[in-house]
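Below are the chains, spelled out letter by letter.
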Amino acid sequence: MLAVGALAAARERGFRVPEDVSVAGFDDIDFAAFSNPPLTTVRVPASQMGKMAVEMLVAMIEGNSVEVRQVTLDTELIVRGSCRRLDKN
């Protein structure tokens, strides 16, 4: 939602998106594809993240020790109209 607000703020200040400024969001909310212009975003596996968090929380509630760990989940860049392609020249 912050990125959608950034789109509006850019327009209010006279900037053109993506010609003058590119905007990208995070989470790929449903509204992102329908904003004007459609918002480039990073899609994350929210369900998987939630499932893992609940499993850890339940283990903690049950008195089990939960080891500190780093987990890397796949993400996906969804390119839409709010970001301009950079020329390699």
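Here the structure is shown first, and the text comes after it.
Calculation notes
Position numbers for residues start from 1 in each chain and track the written sequence from start to end. For this predicted model, a pLDDT threshold of at least 70 governs which residues receive local features, and a threshold of 80 or more governs which side-chain atom pairs are given and counted, while totals over whole chains, interfaces and linings are taken from all residues. Calculated side-chain values reflect all of the structure's heavy atoms, with hydrogen atoms and water omitted. By the criteria applied, helices consist of DSSP H or I runs no shorter than four residues and strands consist of E runs no shorter than two, each listed in order from the N terminus. Atoms counted for the radius of gyration: C-alpha only. Globule rule: 2.2 Å times the number of residues to the power 0.38. Remark: exposure states derive from per-residue accessible area (1.4 Å probe, protein chains only) relative to the maximum for the residue type, with buried under 20%, exposed over 50%, and partly exposed in between. The criterion used for residue contact is that any of the two residues' heavy atoms lie within 4.5 Å. Shrake-Rupley sampling with a 1.4 Å probe provides the accessible areas, and residues are treated as covered by the protein chains on show and by no other component. Charged residues are defined here as Lys and Arg on the positive side and Asp and Glu on the negative side; His and the ends of the chain fall outside this count. In this description, the location of a charge corresponds to atom NZ of lysine, CZ of arginine, CG of aspartate or CD of glutamate. In this scheme, strands are said to pair when DSSP sees at least two bridges between them. Here the axes come from fitting lines to C-alpha atoms, over the contacting stretch only for helices, and the angles between their N-to-C directions go from 0 to 180 degrees.

(A) Inspection of the overall build of the protein chain at higher detail. Looking only at helices and strands, the protein chain features two helices and three strands. Going residue by residue from the N terminus, the α and β elements of the protein chain occur as α-β-β-α-β. Over its C-alpha trace the protein chain gives a radius of gyration of 18 Å, far above what one expects of a compact globule, namely 12 Å for 89 residues. Summarising its shape, the C-alpha atoms of the protein chain cover approximately 55 × 30 × 20 Å along the three principal directions. Counting all 89 residues of the protein chain, 24% fall into the buried class. A sequence separation of at least 24 residues applies to 61% of the contacts in the protein chain between residues at least 6 apart. Accessible surface computed for the protein chain: about 7100 Å², of which carbon and sulfur atoms make up 56%. Of the charged side chains in the protein chain, 10 are positive and 12 negative, and the gap between their average positions amounts to 8 Å.

(B) Layout of the sheet that holds strand S2 (residues 40–43). Taking strand neighbours across the sheet as the criterion, the three strands line up as S1-S2-S3 in an open arrangement whose pairing is mixed. At either margin of the open sheet sits one strand with a lone partner, and together these are strand S1 (24–26) and strand S3 (76–78). Here the average twist between neighbouring strands, direction ignored, is 20°. Alignment of S2 against S3, held across three bridges, turns out to be antiparallel. Each residue of the ladder has a partner; that of Val-42, found in S3, is Leu-77.

The values reported here are purely geometric and, on their own, carry no functional implication.
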